[in-house]
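# Commentary on secondary and tertiary structure
Residues per chain are reported as follows:
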Amino acid sequence: MSEHPVLETRDLTIRFGGHVAVDAVSATFARGSLTAIVGPNGAGKTTYFNLISGQLPATRGQVLLNGEDITRLGVAERTRRGIGRAFQLTNLFPNLTVRENVRLVVQAKANRGFDLFSMAARHTELIEKADHVLAQVQLDDVADQKVAFLSHGNQRKLEVALLIALDPDVLMFDEPTAGMSVDEVPVILDLITAMKADPGRTILLVEHKMDVIRSLADRIMVLHNGQLVADGDPAEVIASPIVQQAYLGVEAEDA
Amino acid sequence: MITRLLSGDRPGSPILAIVLLAIFLCLAFAPFLFPGTRSLETAARICIFIVLVASYDLLLGYTGIVSFAHTMFFGIGAYGVAIAISAWGPSFTSILVGGAAGVALTMVLALLIGLFSLRVRAIFFAMVTLAVASAFAVLVSQMSWLTGGEDGLNYAIPGVFKPATKLMDGRLFGVRLDGKLLLYYFVFVSSLVLFLVMLRMVNSPFGRVLQAVRENAFRAEAIGYRVVVYRTAATVLSASMAALAGVLIAVWLRYTGPATTLSFEIMIDILLMVVIGGMGTMYGAVIGATLFILAQTYLQNLMGAASDATSAIPLLPDLLDPGRWLLWLGVLFILSVYFFPTGIVGRLRGRAA
Ligand SMILES: Nc1ncnc2c1ncn2[C@@H]1O[C@H](COP(=O)(O)OP(=O)(O)OP(=O)(O)O)[C@@H](O)[C@H]1O
Ligand SMILES: [Mg+2]
């Protein structure tokens, strides 16, 4: 088992009509690593995530989890096998409370979904776990609010909270701090740092903020027009001409 | 104890609690409070439709699935009993075997429809159910050797349920203790149990997943719930409950035909009852079914009286003609959706919160 990387993509490709959004991306992700994935808007970062977590079917290529081909598996099955995802566009259960959103994840993890005749409110162990996660992202004071009434920043926090609650082996964060106010960002970064400290976890992080990448990433992958144009040690990748030109050149202002 | 029976699902508003309690007490003591055949018919209908409407809400309100096959499943349960009694005579065994066969067929059909069409878009499922239900209705009217065709089936029921059967001498509060009374309580208790079971289901961990699927199927899948499986399970459960309601109505009416079970009109009625009561709450089914059936039964009388009373005034008697009761029901429906978009229960709960 340990000879395999946790996650691997081989020649992973998706084509939308004539447009190749992810183009033959091959990469391996070692257990305990944190890989930052960067690239200009429309480079294919989110699409690459969608291929790994199963929201989109690959046109060509494979996704392997612990050496096992999971390319044909559905989203839920991949999640159950340990691939967790936080979305770039907030993607929650809007008419349920904050606590219920997290509780649903904890319940999924505990495999209690087909429990038909007990009262959900009496599974206190699930509720306690949910509350623990909410405290970690500092959402405990709005736990009883409906998600639809939450501020944008708090919805972003909850988005991350769902991934934390899922507690998977592979965590994929898609611009977790985008749209957050400056004072809310550290909570999320601290959480990712804490996750990174656990050697069992493998993290993929799409992020635009260069300072965040510098402080967290073990490795940087650069996507451009769907292709993997650079991949390696953060300092080297940032210094490489192709990145200076293709990515950092364009995005220099907001880095 | 009561909290447990209600699965922790509190009415959440004092007015709602009082109304629900009043409906419960009225139904529980209907034979004594409202003597007379007609009112007992109405009370039994309300009991059965609460189950039918609640089971539809399990699908529509909780899971967010639109189905037009609900009356088909209702009908399968009813025809199961009707055909079994016609074949083997009026025994409890016939009811049990026929009902079980009906529920089994319902589960298989619902499973097939679900697996076949729930993977695709929601509108596709709605259309498939519509097609299957229409085909089924045609099939039932064609196979008259089995189903009695358009005329339906008349049959006897077990002796203890017959009005002529005296259970005990004398009267209780002026009501004869006969088979009809026993039959009413059979219907009432069965409905109550089925309702409480559904109330438990929607408040169980499973019920919470159904809500998650309704709210955001994409994310439900991404946190590890196989949405198709849950949608199919909800479809099968909801259909089975409808079939059980069908068993009850078959026994109660001693008649099963297309008009009492399969008609598209009933399907529309169920939809209206869910919406008026409030989608996504089991209590909405109670309020919706009660109000609607009362209106259906008594609005025509009321209008007849009003029409006579206003006979001197032009136009009004015409508008109030009992034949126009559906028009007025439509007006009531539009008004209620306009003023209570979340249904009566949603409105009452919203006010209390
Ligand atoms: N479902 C889809 N159908 C058609 N085209 C798509 C689809 N999803 C993504 N694309 C296209 O694929 C390309 C890559 O999009 P993607 O969202 O992966 O970019 P990104 O790198 O995440 O960008 P951003 O930084 O803006 O989030 C874009 O041109 C987009 O329009
Ligand atoms: Mg993106």
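Residues numbered from 1 in each chain as written. Chains lettered and ligands numbered in written order. Predicted model: local features only at pLDDT ≥ 70, side-chain atom pairs only at ≥ 80, totals over all residues. Heavy atoms only, no water.

In a packed pair of helices, the relevant descriptors are the angle between the two axes and the axis-to-axis distance. Residues and elements named next belong to chain B. For the pair helix α2 (residues 14-28) and helix α15 (residues 282-309), the least separation of the axes is 11 Å and the interaxial angle reads 60°. On the basis of the axis angle, α2 is oblique to α15. Along this stretch, α2 crosses α15, giving a crossing that reads as left-handed. Together, L16, V19, L20 and I23 of α2 and Y283, V286, I287 and T290 of α15 make up the contact between the two elements. (Axes fitted to C-alpha atoms, helices over the stretch in contact; angles between N-to-C directions. Helix = DSSP H or I, 4+ residues; strand = E, 2+ residues; numbered from the N terminus. Parallel < 35°, antiparallel > 145°, perpendicular 65-115°, else oblique. Left-handed = near helix turned anticlockwise from the far one by under 90°. Contact = heavy atoms within 4.5 Å.)

Right, let's get into the interface of chain B and chain A. If you look at the interface, chain B gives 31 residues, while chain A gives 34 residues. Scanning the region where chain B abuts chain A turns up two salt bridges. Across the chain B-chain A interface, the total number found is 18 residue pairs in polar contact (both at pLDDT 80 or more). Of all the secondary-structure elements, those providing two or more residues to the side of chain B that touches chain A are α1 (2-5), α9 (179-202), α10 (205-215), α11 (217-222) and α12 (227-253) of chain B. Sort the elements by how many residues they give to the side of chain B that touches chain A and α10 of chain B lands first, with eight residues. (Salt bridge = Lys/Arg side-chain N within 4 Å of Asp/Glu carboxyl O. Polar contact = N/O pair within 3.5 Å; in protein donor to acceptor, adjacent residues only side chain to side chain.)

What the rule picks out here adds up to 17 aromatic pairs over all chains. Measuring from centroid to centroid gives 6.3 Å for Y184 of chain B and W252 of chain B, while their planes differ by 70°, and the two rings are edge-to-face. With a gap of 68 residues between them, Y184 of chain B in helix α9 and W252 of chain B in helix α12 connect regions that are remote in the sequence. Residues Y184 of chain B and W252 of chain B agree in their burial class; the two are buried. Relative to Y230 of chain B, the ring of Y225 of chain B has its centre 5.6 Å away and its plane inclined at 90°; by these criteria the two rings are edge-to-face. Side by side, Y225 of chain B and Y230 of chain B carry an identical accessibility label, which is buried. Linked through ring pairs, F24, Y184, Y185, F188 and W252 of chain B together constitute an aromatic cluster. Lying over the aromatic face of F29 of chain A, R219 of chain A brings its terminal NZ or CZ to 5.0 Å of the ring centre. Positioned above the aromatic ring of W252 of chain B, the side-chain terminus of K180 of chain B is 4.4 Å from the ring centre. (Phe/Tyr/Trp six-rings, centres within 6.5 Å; stacked < 30°, edge-to-face > 60°. Buried < 20%, exposed > 50% of the residue type's maximum accessible area, 1.4 Å probe, protein only. Lys NZ or Arg CZ within 6 Å of the ring centre and 35° of its normal.)

Residues and elements named next belong to chain B. Taking 1.5 Å per residue, 27 residues should reach 39 Å; α12 reaches 39 Å between its end C-alpha atoms and fits that length. With respect to burial, α12 is a largely interior element, 21 of its 27 residues being buried. Of the residues flanking the end of α12, it is R254, one or two places downstream, whose phi is positive at about 55°. (Expected span 1.5 Å × (residues − 1).)

Moving on: the nonpolar core. By size, the foremost hydrophobic cluster in this structure holds 160 residues, and its most contacted members are V102 and L158 of chain A together with F73 and Y184 of chain B. For this core, the leading source of residues is helix α4 (residues 37-63) of chain B, giving 17 residues. The residues that make up this core include at least three from each of domain 1 (1-82 + 169-175 + 200-255) and domain 2 (88-167) of chain A. Ignoring anything within four residues of it in the chain, the contact list for L158 of chain A reads L92, V98, N101, V102, L134, L139, V147 and L150 of chain A. Core analysis: the second largest hydrophobic core is formed by 26 residues, F29, A43, L65 and V206 of chain A among them. (Core = buried A, V, L, I, M, F, W, Y, C linked by side-chain atoms within 4.5 Å. Domains from an automatic or database assignment.)

A word on the pattern of salt bridges. All names here are of chain A. Enumeration according to the criterion identifies 18 salt bridges over all chains in this entry. For E68, the salt bridge identified is with R81, shortest N-O distance 2.8 Å. Here E68 is found in strand β5 (residues 68-69), whereas its partner R81 is found in the loop between α2 (75-80) and β6 (83-86), with 13 residues between them in sequence. Its relative accessible area of 32% is what places R81 among the partly exposed residues. For the salt bridge of R201 with D198, the shortest nitrogen-to-oxygen distance reads 3.2 Å.

All names here are of chain B. A complete count under the given rule lists zero disulfides over all chains for this structure. The structure places no disulfide on C26, whose sulfur is separated from the nearest cysteine sulfur, that of C47, by 11 Å. A relative accessible area of 32% places C26 in the partly exposed class. (Disulfide = S-S within 2.5 Å.)

This brings us to the site of ligand 1. All names here are of chain A. Taken together, 14 residues form the shell around ligand 1, and within it G42, K45, T46, T47 and Q88 come nearest. A distance of 3.4 Å is found between an oxygen atom of ligand 1 and a side-chain nitrogen or oxygen belonging to H19. The contact in question runs from an oxygen atom of ligand 1 to an N or O atom on the side chain of N41, over 2.9 Å. Within the complex, the protein chains bury 63% of what would otherwise be the 630 Å² of accessible surface of ligand 1. Taken together, the elements giving at least two residues each to the shell around ligand 1 come down to β2 (19-29) and α1 (45-53). In terms of residue count, the dominant contributor to the shell around ligand 1 is α1 (three residues). Residue classes in the shell around ligand 1 are distributed as four nonpolar, eight polar and two charged. (Near = heavy atom within 4 Å. Areas by Shrake-Rupley, 256 points an atom, 1.4 Å probe, with all protein chains shown as cover. Nonpolar A, V, L, I, M, F, W, Y, C, P; charged D, E, K, R; others polar.)

Here we take up the confidence of the model for chain B. The predicted coordinates should not be examined in detail at positions where pLDDT is low. In this model, chain B carries an average pLDDT of 90, and 99% of its residues clear a pLDDT of 70 or more. Here the predicted complex carries an ipTM of 0.92, next to a pTM of 0.92. (pLDDT = per-residue confidence, 0-100.)

On to the coordination of the magnesium ion (ligand 2). When a metal carries six donors in an octahedron, the ideal angles between them are 90 or 180 degrees, while four donors in a tetrahedron ideally lie at 109.5 degrees. Residue and element names in this part refer to chain A. Protein-derived coordination of the magnesium ion (ligand 2) comes from T46 (OG1) and Q88 (OE1), at a distance range of 1.9 to 2.1 Å. Of the two residues, T46 is situated in helix α1 and Q88 in the loop between β6 and α3 (98-109); the sequence distance between them amounts to 42 residues. Note on T46: relative accessible area 24%, which makes it partly exposed. (Donors = N, O, S within 2.8 Å, 3.2 Å for Na, K, Ca; no water.)

All names here are of chain A. Per the domain assignment, the segments making up chain A are domain 1 (1-82 + 169-175 + 200-255) and domain 2 (88-167). Using only C-alpha atoms to locate each centre, domain 1 and domain 2 end up separated by 27 Å. Each partner contributes to the interface: domain 1 provides 10 residues, whereas domain 2 provides seven residues. Between domain 1 and domain 2 lies a buried interface of about 750 Å² when both sides are counted; carbon and sulfur atoms form 48% of it. At the boundary of domain 1 with domain 2, the tally comes to one salt bridge. The partner of R201 in a salt bridge is D167, with the nearest N and O atoms 2.7 Å apart. At the surface where domain 1 touches domain 2, the tally comes to five residue pairs in polar contact (both at pLDDT 80 or more). Among the elements of the structure, α2 and β7 (170-174) are those that each provide at least two residues to the side of domain 1 that touches domain 2. Top element by residues in the side of domain 1 that touches domain 2 is β7. It accounts for four residues. Partitioning the side of domain 1 that touches domain 2 into residue classes produces three nonpolar, two polar and five charged. (Buried area = accessible area lost by both parts, 1.4 Å probe.)

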